[in-house]
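Single-letter residue listing:
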Amino acid sequence: MATALVYLVTWLLLIFSLVKDKQKTITAIKKAWKSFENILPQILSIMVIIGILLALLTPATISQLIGNRSGWIGMIIASTIGSIALIPGFVAFPLAAALLEHGAGYMQIAVFISTLMMVGIITIPLEINYFGKKATILRNSMAFAFSYIVAVIIGVFLK
Amino acid sequence: MKKTAKRYRIFILLAVINLVILIVAAPIGLKSLQITFNNTIDMLTVIPPIFILLGLLDVWVEREVVIKLMGNNSGFIGAGLAFLLGSVAAAPLYAAFPIAGILLKKGCKFSNIIIFIGAWSTTKIPLLLFETTSMGWQFASIRFIADIFGIAAIAYLTEKILKDKEKASIYHNATLMNIT
C-alpha cells in the first residue's frame, strides 16, 4: 500500500518535472542512477549477510535465546541480536508477538525491537560513508543506550 | 572494469561464502539464498522511486529553500519537518542515508538530519499501525512517546558533541558524493 503510494507520487512528480523542464529531468534521473549505483555494492552485501544470518538464526533459535530466560542476560542477548540483525518491521513485530506468547519478557522484547530499528551494525559502513566515523558511532551507541531506557520504561508500565 | 570489481569485492566474497555454505550445508545455504533473493526483490521494488525522488529533489529544490526550512536557524519548525519527513517513509534504513546525504548537501542542519534518521528508523507511520496490531496499543504508544524524546535527545547530543570542524568535513564530503 505504502509502496504503491510512493510510486504514484513519484510518477506524478516525474511527469510534472518532464513537462516543465526536459533537461533538468534527465539530469535528475542520471543523478538518481548515480547515487543508487554508488551504494549498490554495499546494499547487495547487506542482503547476503542478512540472508546468511537469518538462515542460521531461525525464529526457533532466537526464541530459545531470549524466550524463557529473563533478566539482564536475556536483555544483553536481545539487544545484541537486535543491533546486528536487519529484520523488516513487518516480520519483526509478528516474531516479537510470537516470542511474547512463548514466555519472553516485555523488557527483552522491547530492547530487541528498539535496537533492531535504531541500531544497525551491518549498515555502519554505509552510514560512515555519509556521516563519518564519529557521528555514526555516536548515533548508534546512543541509540543502543536509549533502547535500554525504553525497555525499562516498558518494563515499568507493562508487567 | 577493474574499478567495478574492486567496489564489489566484498559482495563477491560474501557470495562465495554463501556458495560454500550451500555445498557444505545445503539446507542452510539454500535458505539463505532464498532469503537474500526475496530481500533483494523487496529492495528493488521499494528503492527505485526513492532515488528518483532524490534526483528530482536535487535538481528542483534550491539550497536556499532547504536552508530556510531545515537549516541552522530553522528552529522548531525545522526539527518538526525532519521528524515528519522521516516518519512518512516506508523503506528500510539504508535508503535513508542517501536522502540524508542530499539534505546535507542542501544545507540542512546536522541535528535535523539525525532527527530525520531517527524518525525514519523507528517512528514510521506504516510500521506504527503494524506495531499496534501485533504488540498492543500500550506497547506501541509507550514506545512512540519515548522515541520522540529519545530521537530529540540523540540529535541534540550528536550536534553538541561533534566539533565544528568535524561537521564541516561531513558537509564537504556530502557535496562531493552526488556529483554527476
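Because the structure is a prediction, the values reported are computed rather than measured. (Residues numbered from 1 in each chain as written. Chains lettered and ligands numbered in written order. Predicted model: local features only at pLDDT ≥ 70, side-chain atom pairs only at ≥ 80, totals over all residues. Heavy atoms only, no water.)

**Student:** Hey, could you run me through the overall build of chain B in this one?
**Tutor:** Along chain B, the regular secondary structure elements total 10 helices and 0 strands. In chain B, the order of α-helices and β-strands from amino to carboxyl end is α-α-α-α-α-α-α-α-α-α. On the principal axes, the C-alpha backbone points of chain B span a range of 60 × 50 × 30 Å. For chain B, the proportion of its 180 residues judged to be buried stands at 48%. Within chain B, contacts between residues at least 6 apart in sequence are counted, and of these 72% link residues at least 24 apart. Of the charged side chains in chain B, 17 are positive and 9 negative; the average position of the first set lies 9 Å away from that of the second. (Helix = DSSP H or I, 4+ residues; strand = E, 2+ residues; numbered from the N terminus. Buried < 20%, exposed > 50% of the residue type's maximum accessible area, 1.4 Å probe, protein only. Contact = heavy atoms within 4.5 Å. Lys, Arg positive; Asp, Glu negative; His and termini not counted. Charge placed at Lys NZ, Arg CZ, Asp CG, Glu CD.)

**Student:** Is there a simple way to think about the packing of aromatic side chains in this case?
**Tutor:** Each pair of aromatic rings is reported with the distance of its centres and the angle of its planes. What the rule picks out here adds up to 8 aromatic pairs over all chains. Note on phenylalanine 131 of chain A and phenylalanine 110 of chain B: the rings are 6.1 Å apart at their centroids and 80° apart in plane angle, and the pair reads as edge-to-face. Linking phenylalanine 131 of chain A in helix 7 (residues 124-157) with phenylalanine 110 of chain B in helix 7 (residues 110-122), this pair reaches from one chain into another. Of the two residues, phenylalanine 131 of chain A and phenylalanine 110 of chain B, neither departs from the other in class, the shared state being buried. Between phenylalanine 116 of chain B and tryptophan 120 of chain B, the ring centres sit 5.5 Å apart and the planes meet at 70°, which makes this aromatic pair edge-to-face. With phenylalanine 116 of chain B and tryptophan 120 of chain B both in helix 7 and 4 residues apart, this pair spans about one turn of that helix. Under the relative-accessibility criterion, phenylalanine 116 of chain B is labelled buried at 2%. Of the residues examined, tryptophan 120 of chain B reaches a relative accessible area of 4% and is grouped as buried. (Phe/Tyr/Trp six-rings, centres within 6.5 Å; stacked < 30°, edge-to-face > 60°.)

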